[in-house]
Every structure is written in structure tokens, then in C-alpha cells.
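Residues per chain, in single letters:
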Amino acid sequence: DTEVTQTPKHLVMGMTNKKSLKCEQHMGHRAMYWYKQKAKKPPELMFVYSYEKLSINESVPSRFSPECPNSSLLNLHLHALQPEDSALYLCASSPVEGGPYEQYFGPGTRLTVT
Amino acid sequence: QQPVQSPQAVILREGEDAVINCSSSKALYSVHWYRQKHGEAPVFLMILLKGGEQKGHDKISASFNEKKQQSSLYLTASQLSYSGTYFCGTAREVQGAQKLVFGQGTRLTINP
């Protein structure tokens, strides 16, 4: 199974709402990533978890809060977002040891903040 | 630092060839190539690990010139399915994880 799944596919939320994005993989990968992608732009790295610990935070605003409850799951908790946070949020996973290695991307969650 | 891709966009007829270039002002240790179709996730194409390496599958291949800090992706006898945006990426290890930085992308359109 080389699939990364993400839910929901689409999300519309107000600036005062709290919501969560979910990502799951069953490839045994111990690194998981969150990317943000705006239209016609490349994916931009937000967070990286390695062995369920946060390894990289690319100076992301605190209204985005990642969580890695176990080696298969990755969440992104959203609170008090701004309209400019509207984007496609991609999750990815990869092995950790012996890199570099390919990253497997999920289909993404298209987020609209109103 | 973000690698630079050229050209930004290419329009071809089916069966024509294309070359997409990726360069970096910093030393490259590996180059990653991905393709993303509209509304879909990026899909891995290949990684080149050292200077002079060339890889390919089907009619898509790539080369890596470590000295010139650049890589090129070659699409031969293009098919309609090759349409999409191609990203190169440079990677470095940070605390056991891989930080991948993508170029700005090259949009490839294949017309019948």
C-alpha cells in the first residue's frame, strides 16, 4: 500500500472556527510532512515529524498546530485562520534512514477561509 | 534556497521533445523531480544522487551536473499524459528528516 490519505478533501471555515486536517499512511514511513501550496506555486514545507517528534517548523504561525499521535497519523489543527491561509494543504511521508528518498504525497485538503 | 527552473512554461504538440532545466546557486547533493497534474498531488519521478548520474524510465530521463549545480529533465516523444507542472527539488537532511525545497515549476502543455 503506497497511499497517503487525507481528510477532508475540501474544507470551508470561518476565521473564528477550529478545525483539523488528518493524514494517514501505512507504509511504515517514520517521517511525515505538511506542505502548503498556493495556486500556481510550488509546495512550501511547513512541518516535518521524524519518529513522531517535530523536527522542522518553518516559522509557521501558531494558528497552525501540528500533531503526530503515532507513526501512521498526522494532524494539523487550525484556529483563528486568515483568508490568506486559503490554500491546498498536502501531507507527505517518507522513510528516514539512508536518504535522500522520495516523498509520497496525499491528494491534499483544499482549505477556504471566509 | 529555492532552485531556479527554466523555462516557466512550454507548449508542445504530441510527439515533440522538451527539456526542463533546474539550477542552484548552492552546491547540489541530490536533485528530485516531481510532476503535478492539475488538482492532484505531486508524483515522484526520480532522484539523482551524484554528479554525472543519468536516470530514466519510459521516455522521461534526467541528468545531473554537480559541477555546474544543475539538472535537466528530458521528455522524448511527448504524450498527452505528460502534461502537468514539473518541479525540481533540492534536499538536505535536518535532524534526521529531509527538507525538500521545490523550484517554482515548469508548466508543460501537450496538445494533440
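Structure: above.
Asker: Account for the state of the cysteines, with residues named and values stated.
Answerer: What the rule picks out here adds up to 2 disulfides over all chains. Across the disulfide, C23(A) is cross-linked to C91(A) (sulfur-sulfur distance 1.8 Å). With the S-S dihedral at roughly -70°, the linkage between C23(A) and C91(A) falls on the left-handed side. Of this pair, C23(A) sits in strand 3 (residues 18–25) while C91(A) sits in strand 9 (residues 87–94); the two residues are 68 residues apart in sequence, bridging distant segments of the chain. Assessed through its relative accessible area of 1%, C23(A) is described here as buried. C22(B) shares a disulfide with C88(B); S-S distance 2.0 Å.

Asker: Could you give an account of the interface of chain A and chain B, naming the residues involved and the relevant values?
Answerer: Tallying the contact residues gives 23 residues for chain A and 22 residues for chain B. Where chain A packs against chain B, one counts 1 salt bridge. The closest approach of N and O atoms between K99(B) and E58(A), which form a salt bridge, is 3.0 Å. Among the elements of the structure, strand 4 (31–37), strand 5 (44–50), strand 6 (53–57) and strand 9 of chain A are those that each provide at least two residues to the side of chain A that touches chain B. When grouped by side-chain class, the residues that make up the side of chain A that touches chain B number 14 nonpolar, 5 polar and 4 charged.

Asker: So what's going on with the sheet that holds strand 7 (residues 64–70) of chain A? Which residues, and what values?
Answerer: All names here are of chain A. What the 4 strands build is an open sheet, ordered 1-3-8-7; its pairing is antiparallel. Whereas interior strands pair on both sides, the edge strands pair on one side only; in this sheet they are strand 1 (4–7) and strand 7. Strand-to-strand twist in this sheet, taken as the mean axis angle between neighbours without regard to direction, amounts to 20°. Bridge count between strand 7 and strand 8 (residues 73–79): 5 bridges; the pairing is antiparallel. Its bridge partner being in strand 8, P66 is matched across the sheet by L76.

Asker: Describe the side chain of S83(B), naming the residues involved and giving the relevant values.
Answerer: With respect to the element layout, S83(B) can be found in the loop between strand 8 (70–75) and strand 9 (84–94). There is a polar contact of 3.0 Å between the side chain of S83(B) and the backbone nitrogen of I110(B).

Asker: Provide a residue-level description of the packing of aromatic side chains, including the pertinent values.
Answerer: One pass over the structure, following the stated rule, counts 9 aromatic pairs over all chains. Measuring from ring centre to ring centre gives 6.4 Å for F105(A) and F102(B), while their planes differ by 50°; the resulting arrangement is tilted. Of this pair, F105(A) sits in strand 10 (residues 104–105) while F102(B) sits in strand 10 (residues 97–102), on two different chains. Each member of the aromatic cluster is reached from another via a ring pair, and the members are Y33(A), Y35(A), F105(A), Y34(B), F44(B), F87(B) and F102(B).

Asker: Tell me what's going on with the environment of Q6(A), and back it up with residues and numbers.
Answerer: Residues and elements named next belong to chain A. For Q6, the location among the structural elements is in strand 1. Using a relative accessible area of 6% as the deciding quantity, one classes Q6 as buried. For Q6 and G106, which are 100 residues apart along the polypeptide, the C-alpha to C-alpha distance reads 6.1 Å. Here Q6 is in contact with K22, C23, W34, Y89, L90, C91, G106, P107, G108 and T109, once residues within four sequence places are set aside. Of note is the side chain of Q6, whose polar atom sits 3.0 Å from the backbone nitrogen of C91.

How each quantity is defined
Residues numbered from 1 in each chain as written. Chains lettered and ligands numbered in written order. Predicted model: local features only at pLDDT ≥ 70, side-chain atom pairs only at ≥ 80, totals over all residues. Heavy atoms only, no water. Disulfide = S-S within 2.5 Å. Helix = DSSP H or I, 4+ residues; strand = E, 2+ residues; numbered from the N terminus. Buried < 20%, exposed > 50% of the residue type's maximum accessible area, 1.4 Å probe, protein only. Contact = heavy atoms within 4.5 Å. Salt bridge = Lys/Arg side-chain N within 4 Å of Asp/Glu carboxyl O. Nonpolar A, V, L, I, M, F, W, Y, C, P; charged D, E, K, R; others polar. Pairing = 2+ DSSP bridges. Axes fitted to C-alpha atoms, helices over the stretch in contact; angles between N-to-C directions. Polar contact = N/O pair within 3.5 Å; in protein donor to acceptor, adjacent residues only side chain to side chain. Phe/Tyr/Trp six-rings, centres within 6.5 Å; stacked < 30°, edge-to-face > 60°.

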